[in-house]
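Structural overview
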Amino acid sequence: MPGIEPLQPSRKPTLAPVTPPSPTVLRLVLGTELRRMRTQAGITPDVAAACIRCSTAKISRMETGHSPCKERDAADLLALYGVTDPHRTAEFVDLVRKAGERGWWRTYADVLPDWFEPLVGLEEAAASIRTYESHYIPGLLQTSDYARAVVRSGHAIEPEETTRRRVELRLKRQELLHRGDAPKLWVLLDEAVLMRPTGGARVMSAQLAHLLEMTELPHVIVQVAPFAVTAHTSPGNGITYLRFAMAQLPDVAYVEHLTNATSVNKRESTDEYRWILDSLSAQSPNPVRSRDLLRLALARYS
């Protein structure tokens, strides 16, 4: 498609990110390194688990970045893997310490589900974010009124203060789009999203106007996936695909379900999600034509 380049499996940016990596991303880096060192040393997960007196399941969670690693456990594992350089061990343990720090989003722990927290941390360090949404405008592009309507649709009887904090968290996430090193955001919207007057005509009108304004940013791309396309290709659930500037980090696919989400970073799994997004994009109107569709939708609500 003119102007749009599908993600290539082997391409990885090599420049270091301008902003410090988030604790979530550091855990992913550490996990990747732990798995690499264990494999190089010829150590099985069972042996690694016995070394630090834990289950093989915990070793797996640590190596995929889903569980934190204790400093003592990191030192013991490095010794098991044959890493004897004290400076390298100290450096690694220091990264473990930083990976255990609290991200800014932890101040919203009262309204941040455990299954959603990883995505917020990954967004902070992503070089590119691709997302498909079939129900709502993505949170990174929502207005406050639209966000409130979405939040209330799923939490209709919660206290108003809780709703306010959920919306505040959503708006806080959007600040990354205005950084000097903002990630490239590529959104695929199911046509149904434009037909659904979330929050009413006034709220939807303001939301679409905001969406059009955001597409004027050079790093924000929006495509509308028509019914004719999503009827055959739609994955059903929302997908967010993240790629990082740190070359040692694997791509991550974050898949939303009704009350939870799954994040995967194994190549065989992320390849499938990347293919789905590439296929949807290739069959949908290009960004210029999609802007025309957004204007038509805005006219319906104005």
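My aim in this report is to walk through the structure given alongside it, one point at a time. Because the structure is predicted, anything quoted here is derived from the model rather than measured.

Rules of the game
- Residues numbered from 1 in each chain as written.
- Predicted model: local features only at pLDDT ≥ 70, side-chain atom pairs only at ≥ 80, totals over all residues.
- Heavy atoms only, no water.
- Helix = DSSP H or I, 4+ residues; strand = E, 2+ residues; numbered from the N terminus.
- Buried < 20%, exposed > 50% of the residue type's maximum accessible area, 1.4 Å probe, protein only.
- Pairing = 2+ DSSP bridges.
- Axes fitted to C-alpha atoms, helices over the stretch in contact; angles between N-to-C directions.
- Core = buried A, V, L, I, M, F, W, Y, C linked by side-chain atoms within 4.5 Å.
- Contact = heavy atoms within 4.5 Å.
- 1 Å grid on protein atoms, 1.4 Å probe; cavity = no way out; pocket = protein on both sides within 12 Å on 5 of 7 lines; lining within 4 Å.
- Points joined across faces, edges and corners; volume = space filled by probe spheres on them.
- Salt bridge = Lys/Arg side-chain N within 4 Å of Asp/Glu carboxyl O.
- Phe/Tyr/Trp six-rings, centres within 6.5 Å; stacked < 30°, edge-to-face > 60°.
- Lys NZ or Arg CZ within 6 Å of the ring centre and 35° of its normal.
- Disulfide = S-S within 2.5 Å.
- Polar contact = N/O pair within 3.5 Å; in protein donor to acceptor, adjacent residues only side chain to side chain.

**Observations concerning the environment of Ala253**
Among the structural elements, Ala253 can be located in strand E5 (residues 252-256). Residue Ala253 is classed as buried on the basis of its relative accessible area, which comes to 0%. Considered as a pair, Ala253 and Arg27 are 226 residues apart in the sequence and their alpha carbons are 16 Å apart.

**Brief notes about the sheet that holds E5**
If you trace the six strands from one edge of the open sheet to the other, you get E3-E2-E1-E4-E5-E6, paired in mixed fashion. Pairing within the sheet leaves two strands with one partner each, and these edge strands are strand E3 (220-225) and strand E6 (261-264). Taking each pair of neighbouring strands and ignoring which way they run, the sheet shows an average axis angle of 15°. Sheet analysis places strand E4 (residues 239-244) next to E5, joined by four bridges and oriented antiparallel. Bridging across to E5, Tyr241 finds its partner in Ala253.

**So, the nonpolar core**
Ranked by size, the top nonpolar core spans 47 residues in total, and within it Leu141, Leu208 and Phe244 carry the most contacts. At six residues, helix H10 (residues 201-214) tops the list of elements feeding residues into this core. With residues up to four places along the chain from it excluded, the contact list for Leu141 reads Gln174, Leu177, Leu185, Val187, Gln207, His210, Leu211, Met214, Val220 and Val222.

**Notes on the layout of surface pockets**
Of the volumes computed, that of the largest pocket is approximately 1000 Å³. Lining the largest pocket are 36 residues, and of these Trp115, Phe116, Val150, Arg170 and Glu256 lie nearest its centre. Put simply, the parts of the chain that give the lining of the largest pocket at least two residues each are helix H6 (117-125), strand E1 (126-133), helix H7 (144-154) and helix H8 (160-173). As a volume, the second largest pocket reaches approximately 420 Å³.

**Side note on the pattern of salt bridges**
One pass over the structure, following the stated rule, counts 22 salt bridges. For Glu117, the salt bridge identified is with Arg106, shortest N-O distance 2.8 Å. Of the two residues, Glu117 is situated in helix H6 and Arg106 in the loop between helix H5 (86-99) and H6; the sequence distance between them amounts to 11 residues. Counted as one network, the salt bridges with shared partners bring together Glu71, Asp94, Arg97 and Lys98.

**A few points about the packing of aromatic side chains**
Applying the stated rule across the entire model yields four aromatic pairs. With centroids separated by 6.4 Å and ring planes inclined at 80°, the aromatic side chains of Phe116 and Tyr254 adopt a geometry described as edge-to-face. Within this pair, whereas Phe116 is found in the loop between H5 and H6, its partner Tyr254 is found in strand E5, the two being separated by 138 residues in sequence. Members of the aromatic cluster, each reached through a chain of ring pairs, are Trp104, Trp105 and Tyr108. Note that Arg130 overlies the ring of Trp186, its terminal NZ or CZ placed 4.1 Å from the centroid. Sitting above the plane of the Trp104 ring, Lys172 keeps its charged end 5.8 Å from the centroid.

**Comments concerning the environment of Arg106**
For Arg106, a relative accessible area of 24% corresponds to the partly exposed category. As a C-alpha pair, Arg106 and Gly121 span 15 residues in sequence and 10.0 Å in three-dimensional space.

**Quick notes on the state of the cysteines**
Under the criterion given, the structure shown has zero disulfides. No disulfide involves Cys51; its sulfur sits 8.9 Å from the nearest other cysteine sulfur, which is in Cys54. Left unpaired, Cys69 is separated from the closest cysteine sulfur, that of Cys54, by 9.1 Å.

**Quick look at unusual backbone geometry**
Residues other than glycine seldom take positive phi values, yet Arg53 does so here, at roughly 55°. Relative to the elements of secondary structure, Arg53 occurs in the loop between helix H2 (45-51) and helix H3 (56-63).

**Details of the environment of Ser302**
When you line up the elements, Ser302 lands in the segment after helix H13 (287-301). Put simply, Ser302 and Glu117 are 185 residues apart on the chain and 36 Å apart in space, counted from C-alpha to C-alpha. Only 2.8 Å separates the side chain of Ser302 from the backbone oxygen of Leu298, close enough to count as a polar contact.

Everything listed here is a matter of geometry and, on its own, says nothing about what the molecule does.
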